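# Structural overview for review
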Amino acid sequence: MPTRLSSDISWSKPNKFIFRFIWIYTLLYTFPFPFNFLPFGQYITQWTDQFWKWLALPVARHLFHITDNLTLQGRGSGDTSLDYIIIFILLTMALVAALIWTLTDRKHNHYNTLFRYQVVYLHYYTALNLFVYAIVKIFPTQFWEPSLIDLTRSFGELSPMGLLWKFMGYSEAYVRFAGIAEALACIFLLFRNTERLGALIGFGVMLNVFVMNMSYDVPVKLFSFHLMFACGIILIAHFNAFLHFFIQNKTVFSQQNIPYTSRKTTRNAGYIFKTILILYVITNYSISSHIRYRKNHDTALLPALYGIYNTDDFMYNRDTLPPLLTDPIRWKQLIVDRNSAVIIKMDDTKIYMKNHTDTTQQRLTLTHFRDAAMQYHFRYTRIGDSILMLRGITGKDSIRMTLNKKDRKDFLLINRGFHWINEYPFNR
């Protein structure tokens, strides 16, 4: 790969082949950008995804002999088996196309102009994708604070990704700090005079994200690597400047910004399109993230019985059940969280439920997420802020219980807070 955009020196054959391969691969991987950021661009994205999946399925069966049903919808995972097969297809297509290009193009001594346009394209690809991740951290919706269920879960029950999500979600200040770093990289990448700084910050930010994804098994490894790789390509375009400044202690001259086209009308049209695209992306994602953030922090949307309840007395079919740790029937806890509820039995069996509370009739209905036939129907009575009494049925069995509410602030993780002065490390 070349290290200077303004050089007219002939490139070596290996450099030209590497450039052709990377140029084709990045174009294949990043498509349909920028259409996916435009209104109705989701349709182009869906068609593109369907095409690659249509191509990848026979490759999986006949080349890799994968006969199991492949996950077509990763539900947030970008590291499915199909994703890796698609990457293999892209690499193969880029390699074949680069070989054909090499055999048919013997006239060009360099590709400085094409490389310059590739760098510009990657500016916007990296910047806008970084902004998407930045805005969901500035308005913290990517990670969320520990829920009531999380606070009662043992440490060993967490997955590596779950541990990372709880760590990040605990501190909105740190999440916003990470988002500001990504936003700065985005802003600097959008302007040619600051592209070096933007690429440098972006590479550092995405290197950290990629290592975290690898270390905590977050299924966004491929995408985070490619964003880091795109920043690396931009940095390569300024390799000599970084070498002189950071290593050789030499003077770095100002960058000469060559117009992309000599036609003023075309340049103005490009500026207008750039402005509209950036404003649309910033406005659209900022508003939607802010709405989600406000909704997630609106205490008025919490269930009426939101809280953690420890069972004091439990009667099943008129028999009072003692709190034996081996009892598979008696409840140990009831947790009514923001979006779900969980019943914890004495033997620590957990049953996750959907909850519906009718405050007018004072009724609570718990329905199993997977088995709708499994339901609990209760009438509830609250005594003060801490005592909850439930009486109802499940199937043909009657249940009565008295529960005592545990305050969320009783947890050390919640009530510890921040201290400027610590006479000794409070590490528990």
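The sections below set out a description of the structure shown in this document. This one's a predicted model, so the numbers in the text were calculated from it and none came from an experiment.

Moving on, we come to the nonpolar core. Grouped together as the largest cluster of nonpolar side chains are 53 residues, with contacts concentrated most on Tyr 29, Ile 85, Leu 90 and Phe 115. Breaking this core down by element, the ones donating at least two residues are helix 1 (13-30), helix 2 (41-62), helix 3 (81-104), helix 4 (112-138), helix 7 (172-189), helix 8 (195-215), helix 9 (221-236) and helix 11 (264-296). In terms of residue count, the dominant contributor to this core is helix 4 (ten residues). Other than its neighbours up to four places away in sequence, Leu 90 contacts Tyr 25, Leu 28, Tyr 29 and Trp 52. Leu 364, Leu 366, Phe 378 and Met 401 belong to the second-largest nonpolar core, a separate cluster that totals 22 residues.

Packing of helix 2 against helix 3 brings their axes to within 9 Å, and their N-to-C directions diverge by 95°. Of the possible angle classes, the one that applies to helix 2 and helix 3 is roughly perpendicular. Facing helix 2, whose interface residues are Trp 52, Lys 53, Leu 55, Ala 56, Leu 57, Val 59 and Ala 60, helix 3 presents Leu 82, Ile 85, Ile 86, Ile 89, Leu 90 and Met 93. Residue composition of the contact of helix 2 with helix 3, grouped by class: twelve nonpolar, no polar and one charged.

On to empty space enclosed by the protein. Overall, the coordinates contain one cavity of 30 Å³ or more when judged by the stated rule. For the lining of the largest cavity, the residue count by class is five nonpolar, three polar and no charged.

In this chain, Phe 31 is followed by Pro 32 through a cis amide linkage whose omega measures 20°. In this structure, the amide linkage connecting Phe 33 to the following residue, Pro 34, adopts the cis form with an omega of 5°. With respect to the helices, strands and loops of the structure, Pro 34 is situated in the loop between helix 1 and helix 2. For Asn 317, which is not glycine, the phi torsion reads 50° and is therefore positive. Structurally, the position occupied by Asn 317 is in the loop between strand 1 (307-316) and strand 2 (319-320). Overall, the relative accessible area of 32% leaves Asn 317 in the partly exposed class.

Moving on: the pattern of salt bridges. Evaluated as defined, the whole model comprises nine salt bridges. Between Arg 153 and Asp 150 there is a salt bridge whose closest N-O contact spans 3.8 Å. Given a relative accessible area of 26%, Arg 153 falls into the partly exposed group. With a closest N to O distance of 4.0 Å, Lys 166 and Asp 150 form a salt bridge. Taken together, the positions of Lys 166 in helix 6 (residues 160-170) and Asp 150 in helix 5 (residues 148-152) put the pair 16 residues apart, joining distant regions of the chain. One continuous salt-bridge network, built from bridges that share partners, spans Asp 79, Asp 217 and Lys 221.

For helix 6, every residue scored as buried is listed here: Gly 162, Leu 164, Trp 165, Lys 166, Met 168 and Gly 169. Against helix 5, helix 7 and helix 8 lie the buried residues of helix 6.

Our next topic: the packing of helix 7 against helix 8. Running from N to C, helix 7 and helix 8 point in directions that differ by 145°, and their axes come no closer than 7 Å. As helix 7 runs across helix 8, the sense of the crossing is left-handed. Within the contact between the two elements, helix 7 uses Ala 181, Glu 182, Ala 185, Phe 188 and Leu 189 and helix 8 uses Glu 195, Leu 197, Gly 198, Ala 199, Ile 201, Gly 202, Val 205 and Val 209. Among the residues making up the contact of helix 7 with helix 8, the classes are represented as nine nonpolar, two polar and two charged.

Turning to a nonpolar patch on the surface, a few remarks are in order. Side chains of Leu 200, Phe 245, Phe 246, Ile 247 and Val 252 sit close together on the surface and give an oily, nonpolar patch of about 510 Å² of accessible area. A per-element tally of the nonpolar patch places helix 10 (residues 239-247) first, with three residues. Tracing the chain through its elements places Phe 245 in helix 10.

The subject of this paragraph is the pairing of strand 4 (residues 341-345). The buried fraction of strand 4 is high, at five of five residues. The alternating pattern of strand 4 places Ala 341, Ile 343 and Lys 345 and Val 342 and Ile 344 on opposite faces, both of which are buried. Linking two consecutive strands that pair antiparallel, namely strand 3 (residues 331-336) and strand 4, is a turn of four residues. As judged from the four bridges shared by strand 4 and strand 5 (residues 350-358), these two strands associate in the antiparallel manner.

On to the layout of surface pockets. As a volume, the second largest pocket reaches approximately 900 Å³. Taken together, 32 residues make up the lining of the second largest pocket; nearest its centre are Trp 144, Glu 145, Pro 146, Ser 147 and Arg 338. Looking at the lining of the second largest pocket, the elements with two or more residues in it are helix 5, helix 6, helix 7 and helix 12 (412-415). Residues belonging to the lining of the second largest pocket are distributed by class as follows: 16 nonpolar, nine polar and seven charged.

What follows covers the packing of aromatic side chains. Inspection of the entire model under this criterion finds 27 aromatic pairs. Between the aromatic rings of Phe 33 and Tyr 125, the centroid separation amounts to 5.4 Å while the plane-to-plane angle is 90°, which identifies the pairing as edge-to-face. Of this pair, Phe 33 sits in the loop between helix 1 and helix 2 while Tyr 125 sits in helix 4, and the two are 92 residues apart along the sequence. You can call Tyr 125 buried: its relative accessible area is 6%. On the basis of an interplanar angle of 35° and a centroid distance of 6.0 Å, the ring pair of Phe 51 and Trp 54 is categorised as tilted. Remark: Trp 54 and Phe 51 occur in helix 2; sequence separation between them is three residues, near one turn of the helix. What makes Trp 54 exposed here is its relative accessible area of 59%. Here the aromatic residues Trp 11, Phe 19, Trp 23, Trp 101, Tyr 111 and Phe 115 are joined through ring pairs into a cluster of three or more. Lying over the aromatic face of Tyr 117, Arg 116 brings its terminal NZ or CZ to 5.6 Å of the ring centre. Sitting over the ring of Phe 426, Arg 416 keeps its end group 4.0 Å from the ring centre.

Rules used throughout
Residues numbered from 1 in each chain as written. Predicted model: local features only at pLDDT ≥ 70, side-chain atom pairs only at ≥ 80, totals over all residues. Heavy atoms only, no water. Core = buried A, V, L, I, M, F, W, Y, C linked by side-chain atoms within 4.5 Å. Buried < 20%, exposed > 50% of the residue type's maximum accessible area, 1.4 Å probe, protein only. Helix = DSSP H or I, 4+ residues; strand = E, 2+ residues; numbered from the N terminus. Contact = heavy atoms within 4.5 Å. Axes fitted to C-alpha atoms, helices over the stretch in contact; angles between N-to-C directions. Parallel < 35°, antiparallel > 145°, perpendicular 65-115°, else oblique. Nonpolar A, V, L, I, M, F, W, Y, C, P; charged D, E, K, R; others polar. 1 Å grid on protein atoms, 1.4 Å probe; cavity = no way out; pocket = protein on both sides within 12 Å on 5 of 7 lines; lining within 4 Å. Points joined across faces, edges and corners; volume = space filled by probe spheres on them. Salt bridge = Lys/Arg side-chain N within 4 Å of Asp/Glu carboxyl O. Left-handed = near helix turned anticlockwise from the far one by under 90°. Patch = residues over 30% accessible without salt bridge, like charges linked within 9 Å, V, L, I, M, F, W, Y side chains within 5 Å. Areas by Shrake-Rupley, 256 points an atom, 1.4 Å probe, with all protein chains shown as cover. Pairing = 2+ DSSP bridges. Phe/Tyr/Trp six-rings, centres within 6.5 Å; stacked < 30°, edge-to-face > 60°. Lys NZ or Arg CZ within 6 Å of the ring centre and 35° of its normal.

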